[in-house]
Amino acid sequence: MASVTYQNVFKRFGDVEVIKDFTLEVADKEFVVFVGPSGCGKSTNLRMLAGLEEISEGDILIGDRVVNDVPPKDRDIAMVFQSYALYPHMTVYDNMAFGLKLRKTPKDEIDRRVKEAADILGLASLLDRKPKALSGGQRQRVAVGRAIVREPEVFLMDEPLSNLDAKLRVTARAEISKLHQRLETTFIYVTHDQVEAMTMGDRIAVLADGILQQVDSPRNLYNSPDNIFVAGFIGSPSMNFFNGTLITEEGDLFVDTGDFRAKLPEDRKNCCADYEGKEVVLGVRPEHIHAPKYAPPNIDPSEIVGEVDVMELLGAELHLYVTTGKNTFVATVDPRMDVNPGNKIDLVLDMSAAHLFDKETERSIR
């Protein structure tokens, strides 16, 4: 097993710089997820590690070995692609064994590895089938099995679940997480789906425009985003943002948005004092906006009044799309709340869980 290190890595296509000074260390046996919108550079980073793209500048190490000029076949990595890339004329067994046969691995060793991987992935009864006779989830497991039999130092997965339906994706997420725990190997996983990232990764690296925005545990990314991009990307529905000015009134600090005032908790005064009179951005997650009747105890509330535009009942929760003046926001409220589109409603913001950002730099104010 091995660690993976990116050291000041750049990637350019002509004059276009798609990866900009990417530096990251992935520990041995760690599960790290690269997440971000389409075109942010996450798959390019993975392909450079695999040797499928050349590095324009910087170094990539697997363990203590710089692999910039090492051919892909000699990097001791295995990659699972979005398309699965199975050979349609081969059985499941032959698909999984093919890479080992190319390496001239002894037949009995190939048989042991394939059957062991098939048992792990629940494919033992499917080894004689061809890909056309398999479901999407089964094909995905065959692609993973083909990687497992290689017994590589590092597993690379490039959006392997994007072709599955929503229910199957949930099951497959759990399978891959259990697989990582069982194999105790380094995993690097690419996805644009922040739910996948939050549920699978030990750490998440958030990218935008080829730049690493923040790398941290799922919990810390959610609770302490470094900037507006990370705050808006992590969490579903996305965080609400309100432009406002920080003002003082009778010794208390407020964010004045023009449509409402939100009072900051006492423990935020010290870090925010330098921003008095300046423009800031207030961030509040939908789940931290409550109907007063169902608000949890001991929150630090600020009132807001708005009109319901749209409502989405999802069983355990109710999403309200609300307009107040020039601001539109989403609130995730208790489904027992009696409300209809067009209704005026009173809500409270839990300011103890709110975030403040510098309007100019978009960095978090802590």
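By convention here, each chain's residues receive numbers from 1 onward along its written sequence. Note on the predicted model: pLDDT of at least 70 is required for a residue's local features to be given, and 80 or more for side-chain atom pairs to be given and counted; whole-chain, interface and lining totals, by contrast, use all residues. The basis for the side-chain values is all heavy atoms of the structure; hydrogens and waters are excluded.

**Q** Would you explain the sheet that holds strand β14 (residues 279-284) in this entry?
**A** The strands making up a sheet associate through hydrogen bonds between their backbones, and the pairing can be parallel or antiparallel. Taking strand neighbours across the sheet as the criterion, the 5 strands line up as β13-β12-β11-β14-β20 in an open arrangement whose pairing is antiparallel. In this open sheet, the two edge strands, each paired with only one partner strand, are β13 (261-263) and β20 (355-358). Neighbour-to-neighbour, the strand axes of the sheet open up by a mean angle of 40°, direction not taken into account. Where strand β11 (residues 240-249) meets strand β12 (residues 252-256), 5 bridges bridge the pair, whose relative direction is antiparallel. Residue T245 lies in a different strand from β12, and its bridge partner there is D256. The pairing criterion is simple: DSSP has to find at least two bridges between the two strands. Here a helix means four or more residues in a row that DSSP labels H or I, a strand means two or more in a row labelled E, and each is numbered from the N terminus. The axes used here are C-alpha line fits, helices contributing only the stretch in contact, and every angle between their N-to-C directions lies in the interval 0 to 180 degrees.

**Q** I'm lost on the sheet that holds strand β2 (residues 16-26) in this one. Help?
**A** Here 4 strands make up an open sheet; going across it, the order is β2-β1-β4-β5 and the pairing antiparallel. The sheet is open, and its two borders are formed by β2 and β5 (65-66), each paired with just one other strand. In this sheet, strand β4 (residues 57-62) lies alongside strand β1 (residues 4-13) in antiparallel orientation, the contact comprising 5 bridges. If you follow Q7 over to β4, its bridge partner there is D59. Contacts between residues were defined by any pair of non-hydrogen atoms, one from each residue, lying within 4.5 Å. Running over the sheet, helix α1 (residues 42-50) touches β1, β2 and β4 and is turned about 110° from β1.

**Q** Explain the pairing of strand β8 (residues 186-191) to me, please; I cannot follow it from the model alone.
**A** Look at any regular strand and the pattern is simple: side chains alternate between the two faces of the sheet. Each residue is placed in one exposure class: buried if its accessible area under a 1.4 Å probe, protein chains only, is under 20% of its type's maximum, exposed if it is over 50%, and partly exposed if it falls in between. Among the 6 residues in β8, 6 count as buried, and that is most of the element. Burial of the side chains of β8 extends over both faces: T186, I188 and V190 are buried on one face and F187, Y189 and T191 on the other. Examined bridge by bridge, strand β7 (residues 154-158) and β8 share 5 bridges and lie parallel to one another. Paired with M157 across the bridge in β8 is Y189.

**Q** Can you help me understand the packing of helix α4 (residues 136-148) against helix α5 (residues 166-183) in this one?
**A** Angle between the axes and distance between the axes: these two values describe a pair of packed helices. Between α4 and α5, whose axes approach to 11 Å, the crossing angle comes to 15°. On the basis of the axis angle, α4 is roughly parallel to α5. Considering the relative orientation of α4 and α5, their crossing is right-handed. Residues G137, Q140, R141, V144 and I148 of α4 pack against L168, A172, E175, I176, L179 and L183 of α5. Tallied by class, the residues present in the contact of α4 with α5 amount to 7 nonpolar, 2 polar and 2 charged. Should an angle lie under 35 degrees it is considered roughly parallel, over 145 roughly antiparallel, and from 65 to 115 roughly perpendicular; all remaining angles are considered oblique. Take the far helix as your reference; a near helix turned counterclockwise from it by less than a right angle gives a left-handed crossing, and one turned clockwise gives a right-handed crossing. Under the scheme applied here, ten amino acids are nonpolar (Ala, Val, Leu, Ile, Met, Phe, Trp, Tyr, Cys and Pro), four are charged (Asp, Glu, Lys and Arg), and all others, including Gly, are polar.

**Q** I would appreciate a short explanation of unusual backbone geometry in the present structure.
**A** Glycine aside, residues mostly have negative phi angles, and peptide bonds mostly take the trans form. With an omega dihedral of -5°, the bond running from S236 to P237 counts as a cis peptide bond. One can find P237 in the loop between α8 (228-233) and β11. Residues other than glycine seldom take positive phi values, yet E184 does so here, at roughly 50°. Turning to its location among the elements, E184 is positioned in the loop between α5 and β8. Exposure remark for E184: the relative accessible area of 45% places this residue in the partly exposed category.

**Q** Would you take a moment to explain the side chain of E30 for this structure?
**A** Residue position: E30 is located in the loop between β2 and β3 (31-35). Residue classification places E30 among the buried positions, given a relative accessible area of 11%. Within 3.5 Å is the distance limit for a polar contact, defined as a pair of N or O atoms, with the added protein rule that one can donate a hydrogen and the other accept it, and that residues adjacent in sequence qualify only through two side-chain atoms. For E30, the side chain forms a polar contact with the main-chain nitrogen of A27, separated by 2.8 Å. A distance of 2.5 Å separates the side chain of E30 from the side chain of R203, its partner in a polar contact. Apart from residues no more than four positions distant in its own chain, E30 is found in contact with E25, H180, T185, T186, F187, D202 and R203.

**Q** Could you clarify how one ought to interpret the state of the cysteines in this entry?
**A** Simply put, disulfide is the name for a covalent bond between the sulfur atoms of two cysteines. By definition, disulfides here are pairs of cysteine sulfur atoms that lie within 2.5 Å. Across all of its chains, the model carries 0 disulfides by this definition. Note on C271: no disulfide assigned, nearest cysteine sulfur contributed by C272 at a separation of 3.5 Å.

Note that every value here comes from positions in space, so none of it alone points to a role or purpose.
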